[in-house]
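Next come the chains, spelled out residue by residue.
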Amino acid sequence: MDQAAAGMQGAHHAPVCYRHPDRETGVRCTRCERPICPECMVSASVGFQCPACVRGGSGTGPAPTASRPRTIAGGTVTADPRLLTKLLIGVNLAVFLAQLAAGSSLTDRFELIGQAQFSLFGPVQGVAEGQYYRLLTAMFLHSPTNYTHILFNMLSLWWIGGPLEAALGRARYLALYFVSGLAGSALTYMIADPRLPSLGASGAIFGLFGATGVLMRRLNYDLRPLVALLVINLIITFTPGFNISWEAHIGGLVAGVAVGYAMVHAPRERRTVIQYGACAVVLAAVVVLTLVRTAQLT
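Note that the coordinates shown come from a computational prediction; the quantities given were computed from them, not determined experimentally. (Residues numbered from 1 in each chain as written. Predicted model: local features only at pLDDT ≥ 70, side-chain atom pairs only at ≥ 80, totals over all residues. Heavy atoms only, no water.)

(A) Here's a closer look at the overall build of the protein chain. The secondary structure content of the protein chain amounts to eleven helices and four strands. Burial statistics for the protein chain: of 298 residues in total, 42% are counted as buried. Once local pairs closer than 6 in sequence are excluded, the contacts in the protein chain between residues at least 24 apart make up 62%. A total accessible area of about 15900 Å² is found for the protein chain, and carbon and sulfur atoms account for 65% of it. (Helix = DSSP H or I, 4+ residues; strand = E, 2+ residues; numbered from the N terminus. Buried < 20%, exposed > 50% of the residue type's maximum accessible area, 1.4 Å probe, protein only. Contact = heavy atoms within 4.5 Å. Areas by Shrake-Rupley, 256 points an atom, 1.4 Å probe, with all protein chains shown as cover.)

This is how it looks when you write it as structure tokens:
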């Protein structure tokens, strides 16, 4: 009984986190040696550091930049984890307002067209005529006569993109977005009627859907809500009468799954090379599809 009481008394005097006095801990900051709980631990090259030492660089040891907390994909944790998502939404909305102000001229100039003639005596235009920029610019255009087009795309970008940006980090998230969007444009150019225009951020957003599924599986989250949402979107995509470019959706989705898998499953020691290598492989496929289709049309 005396030994048990002594053990309980010793446990009562266990160190507590200096930032959370109600939490006992056996871990100390490798710089200031103050006790820290799991919430306050920032992984360092040796042991853990407290947030104050990471921010201020107090004491000795590795530089604070070397000890910054990282996302699951290796990105840097930032103060505003949704900043790029907000900027992308802002750019899409600004371009949409420009479309409304400029009329059809802006849309005709930058939407995705394989090869078409807009007027009887006008020049033949499109990606096949060397206007490769349309593969990119079409990602930021939306139908100026259909407000639900941009509304649903921007809501999806906010709901899916924000959490994904926080999980991947800004650079990896931006790479995923553009690679997925370009993959959707390339597949549309390869398969769809070259005379029919295509525009919208859907290819990039479907890429975010695919990467989110990979991430949720990696974290053992329940995939059923995401799968249900994706199935609904695919049903709408293939429903006649909606005039939706299914090629952009499928191309973006496949690219998002491939790049997303590389982002969250790459081994830490070769993480950056594998992640951006996967982006390079998808971009190479985009170039090949574009060149093959251009050769077919010219």
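We are not done yet, so read on.
(B) Region of interest: helix α6 (residues 147–168). With 22 residues, α6 should reach 32 Å at 1.5 Å per residue; the first-to-last C-alpha distance of 30 Å fits that figure. Of all the bends in α6, the greatest reaches close to 35° and is centred on Gly161; the proline Pro163 follows between one and four positions later. In the stretch just after α6, Gly169 is the one whose phi turns positive, near 95°. (Expected span 1.5 Å × (residues − 1). Bend = angle between axes of the 7 residues up to and from the residue.)

(C) A look at the side chain of Ser143. Summarising the element assignment, Ser143 is placed in the loop between α5 (134–137) and α6. Aside from chain neighbours lying at most four places away, what touches Ser143 is Phe96, His149 and Leu199.

(D) Region of the structure containing the side chain of Ser185. By secondary structure assignment, the location of Ser185 is in helix α7 (residues 170–191). Within the structure, the side chain of Ser185 is placed 2.8 Å from the backbone oxygen of Leu135, a separation counted as a polar contact. Other than its neighbours up to four places away in sequence, Ser185 contacts Leu112, Leu135 and Met139. (Polar contact = N/O pair within 3.5 Å; in protein donor to acceptor, adjacent residues only side chain to side chain.)

(E) View of the environment of Ser143. What makes Ser143 buried here is its relative accessible area of 18%. In this structure, the C-alpha to C-alpha distance between Ser143 and Thr107, residues 36 residues apart in sequence, is 8.4 Å.

(F) Representation of the packing of helix α10 (residues 246–265) against helix α11 (residues 271–297) within the structure. Orientation of α10 relative to α11, taken along the N-to-C sense of each, is 160°, at an axis distance of 8 Å. With respect to α11, the element α10 is oriented roughly antiparallel. For the pair α10 and α11, the crossing hand works out as right-handed. In this structure, α10 contributes Ala255, Val259, Ala262 and Met263 to the contact, and α11 contributes Ile274, Gln275, Ala278, Cys279 and Val282. Along the lines of polarity and charge, the residues of the contact of α10 with α11 split into eight nonpolar, one polar and no charged. (Axes fitted to C-alpha atoms, helices over the stretch in contact; angles between N-to-C directions. Parallel < 35°, antiparallel > 145°, perpendicular 65-115°, else oblique. Left-handed = near helix turned anticlockwise from the far one by under 90°. Nonpolar A, V, L, I, M, F, W, Y, C, P; charged D, E, K, R; others polar.)

(G) Summary view of the packing of helix α3 (residues 83–102) against α7. Their axes nearest at 10 Å, the elements α3 and α7 cross at an angle of 35°. In this structure, α3 uses Leu83, Leu84, Thr85, Leu88 and Asn92 to contact α7, whose residues at the interface are Arg170, Tyr173, Leu174 and Tyr177.

(H) Local environment of the state of the cysteines. Inspection of the entire model under this criterion finds zero disulfides. Unpaired in this structure, Cys40 has its nearest cysteine sulfur neighbour in Cys37, at a distance of 3.8 Å. According to the relative accessible area criterion, Cys40 is buried, its value standing at 1%. (Disulfide = S-S within 2.5 Å.)

(I) View of the nonpolar core. Core analysis: the largest hydrophobic core is formed by 49 residues, its most contacted members being Leu157, Leu164, Leu168, Tyr173, Tyr177 and Leu208. Not counting chain neighbours up to four residues away, the residues in contact with Tyr177 comprise Leu88, Asn92, Met139, Leu157, Ala201, Ala204 and Leu208. Judged by nonpolar contacts, the second largest core, of seven residues, contains Cys29, Ile36, Cys50 and Cys53. (Core = buried A, V, L, I, M, F, W, Y, C linked by side-chain atoms within 4.5 Å.)

(J) Highlighting the pattern of salt bridges. In the structure shown here, the tally under the stated rule is four salt bridges. One salt bridge in this structure joins Glu39 and Arg23, with 2.6 Å as the shortest N-O distance. Of this pair, Glu39 sits in the loop between α1 (2–12) and β1 (42–43) while Arg23 is found in the loop between α1 and β1, placing the two residues 16 residues apart along the sequence. The salt bridge involving Asp222 is made with Arg224; its shortest N-O contact spans 3.1 Å. (Salt bridge = Lys/Arg side-chain N within 4 Å of Asp/Glu carboxyl O.)

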